[in-house]
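Here is what each chain is made of, one letter per residue.
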Amino acid sequence: MAGLCAPEEDGRQRRRRQAASEGSVGPDSPADPDRKAARAMPNDGSTTTDAVRMTEVRKVYGKRDNQVVALNGVTTRFGRGTFTAIMGPSGSGKSTLLQCAAGLDRPTSGSVLLEDHELSDMNETRLTMLRRDRIGFIFQAFNLLPVLTVRQNVTLPLRLAGRKPARGRVKSVLEQVGLGERSKHRPAELSGGQQQRVAIARALISDPAVIFADEPTGALDTRTARGVLGLLQHSAQTAGQTIVMVTHDPVAASYADRVLFLADGNLVGELRSPTAEAVAERMTHLGAFAEEDALPAPAMTGEGHR
Ligand SMILES: Nc1ncnc2c1ncn2[C@@H]1O[C@H](COP(=O)(O)OP(=O)(O)OP(=O)(O)O)[C@@H](O)[C@H]1O
Ligand SMILES: [Mg+2]
């Protein structure tokens, strides 16, 4: 059973990290040690280990008597190469947190640092460039363009930015998500899980430092969902990417290193090395699940997924 306050890095995590750093890595692989080392050092020469740092982030929608406080002063950090799940009842502010952290929405007040860059100081152009270069975003509804092939969908963000992917990069990213043979297919010719893997490839193509995913498995069946979660976990473990994922599913959350719980715009708890049972129990206390949903289904085994 996972403890509430496990140490920063337990033996299992350490073994995983070592295995990742010892794994065989090709020159183009995102797990290339040089690239990993480069990612671990921010551009300004400081040595922070945080990919994202949020301080007292508040987001209020609407005006005067119509106001909704979506985030009520959230302070947290997401370390490089970590995988965090964000959970909480509907309307608790999960998507808002993700969008503020990703620079897709501006907080009403507070600070968001992405690799030591203060997002609130940036104008729209700089923010767009930072998002393009350092951030990947995966949505529940894949958001693929039906008329484009898999390859064209994956390269679209780069092309919109007037850039071309490096030679061999599209192929290696598609192979990474298990779609090496599908590059000429159109989304309608793929299963839901395959379409979501195209969306992940599109997020990975620019080798972002942080991938934000809002319910990426919400529209998938259990088996396909596991494939997608395994892929996200793999990105954090081998490529040192930071993953922040919103989910309603305790099993999905158990793939993460840590779960943050939100209620009414406040961070109300945290679980490290989460198991599905521990997450479900917490969610029940938050009133997100009915009591009868609290007991995990047979698929939820006592172990987390690592
Ligand atoms: N653009 C908006 N204008 C006004 N209110 C908004 C807007 N976006 C979100 N809200 C409100 O902010 C609160 C938090 O919304 P948010 O979408 O972050 O919740 P969530 O935790 O992601 O919920 P869900 O699990 O249903 O997706 C809700 O009360 C919502 O109605
Ligand atoms: Mg949401």
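Residues numbered from 1 in each chain as written. Chains lettered and ligands numbered in written order. Predicted model: local features only at pLDDT ≥ 70, side-chain atom pairs only at ≥ 80, totals over all residues.

- If you check an unreviewed UniProt entry, the chain appears there as ABC transporter from Phytohabitans flavus.

### A word on the environment of Arg106
Part 1: You can see Arg106 is positioned in the loop between helix H3 (94-101) and strand S4 (109-114).
Part 2: Residue Arg106 is classed as partly exposed on the basis of its C-beta count, with 15 C-beta atoms lying within 10 Å. (Helix = DSSP H or I, 4+ residues; strand = E, 2+ residues; numbered from the N terminus. Buried ≥ 20, exposed ≤ 12 C-beta atoms within 10 Å, placed from the backbone.)

### Notes on the site of ligand 1
Part 1: Taken together, Tyr61, Gly62, Val68, Ala70, Gly88, Ser90, Gly91, Ser92, Gly93, Lys94, Ser95 and Thr96 make up the full set of residues near ligand 1.
Part 2: For the shell around ligand 1, the secondary-structure elements that each account for two or more residues are strand S2 (68-79) and H3.
Part 3: For the shell around ligand 1, the element with the most residues is H3, which contributes three residues.
Part 4: Its residues assigned to classes, the shell around ligand 1 shows three nonpolar, eight polar and one charged. (Near = placed C-beta within 6 Å. Nonpolar A, V, L, I, M, F, W, Y, C, P; charged D, E, K, R; others polar.)

### Observations concerning unusual backbone geometry
Part 1: If you check the backbone angles, Asp116 has positive phi at about 70° while not being a glycine.
Part 2: Here Asp116 is to be found in the loop between S4 and strand S5 (117-118).
Part 3: Even without being a glycine, Phe142 presents a positive backbone phi close to 40°.
Part 4: Secondary-structure assignment places Phe142 in the loop between strand S6 (135-138) and helix H5 (150-160).

### Observations concerning the nonpolar core
Part 1: Counting 72 residues, the largest nonpolar core has Ile86, Ala101, Ala201 and Phe212 as its most contacted members.
Part 2: Ignoring sequence-local partners within four residues, the contact set of Ala101 consists of Val52, Met54, Val112, Phe212 and Val244. (Core = buried A, V, L, I, M, F, W, Y, C linked by C-beta atoms within 7 Å. Contact = placed C-beta atoms within 7 Å.)

### Description of helix H6 (residues 169-176)
Residue pairs spaced three or four apart in an α-helix point in one direction, given the helix's 3.6 residues per turn.
Part 1: If you check which residues of H6 are buried, you get Val170, Val173, Leu174 and Gln176. Each buried residue of H6 lies within a common arc of 155° when the element is viewed along its axis, so the set occupies one face.
Part 2: Taken together, the buried residues of H6 touch H5 and helix H7 (192-204).
Part 3: Looking at the residues trailing H6, positive phi occurs at Gly178, about 80°. (Arc of directions from axis to C-beta.)

### Details of the sheet that holds strand S10 (residues 266-272)
Part 1: Ordered by their spatial adjacency, six strands build an open sheet running S6-S7-S8-S3-S9-S10, and the pairing between neighbours is mixed. With one partner strand each, in any of the chains shown, S6 and S10 form the two edges of the open sheet. Each strand of the sheet is rotated relative to its neighbour by a mean of 20°, with strand direction disregarded.
Part 2: Strand direction decides the pairing type here: strand S3 (residues 83-87) and strand S9 (residues 258-263), joined by four bridges, are parallel. Each residue of the ladder has a partner; that of Ala85, found in S9, is Val259.
Part 3: Here helix H10 (residues 276-285) sits on the sheet and contacts S3, S9 and S10; the angle it forms with S10, its principal contact strand, is near 160°. (Pairing = 2+ DSSP bridges. Axes fitted to C-alpha atoms, helices over the stretch in contact; angles between N-to-C directions.)

### Focus on the packing of H7 against helix H8 (residues 222-239)
Part 1: At a minimum axis separation of 9 Å, H7 and H8 run at an interaxial angle of 15°. Compared by their axis directions, H7 and H8 come out roughly parallel. Here H7 runs over H8; the crossing is right-handed. Across the interface between the two elements, Gly192, Gly193, Gln196, Arg197, Ile200 and Leu204 from H7 touch Thr224, Gly227, Val228, Leu231 and Ser235 from H8.
Part 2: Looking at the contact of H7 with H8 residue by residue, the class counts come to four nonpolar, six polar and one charged. (Parallel < 35°, antiparallel > 145°, perpendicular 65-115°, else oblique. Left-handed = near helix turned anticlockwise from the far one by under 90°.)

### A few points about the environment of Pro89
Part 1: Along the chain, Pro89 turns up in the loop between S3 and H3.
Part 2: Along the chain, Pro89 and Leu286 lie 197 residues apart, while their C-alpha atoms are 7.2 Å from each other.

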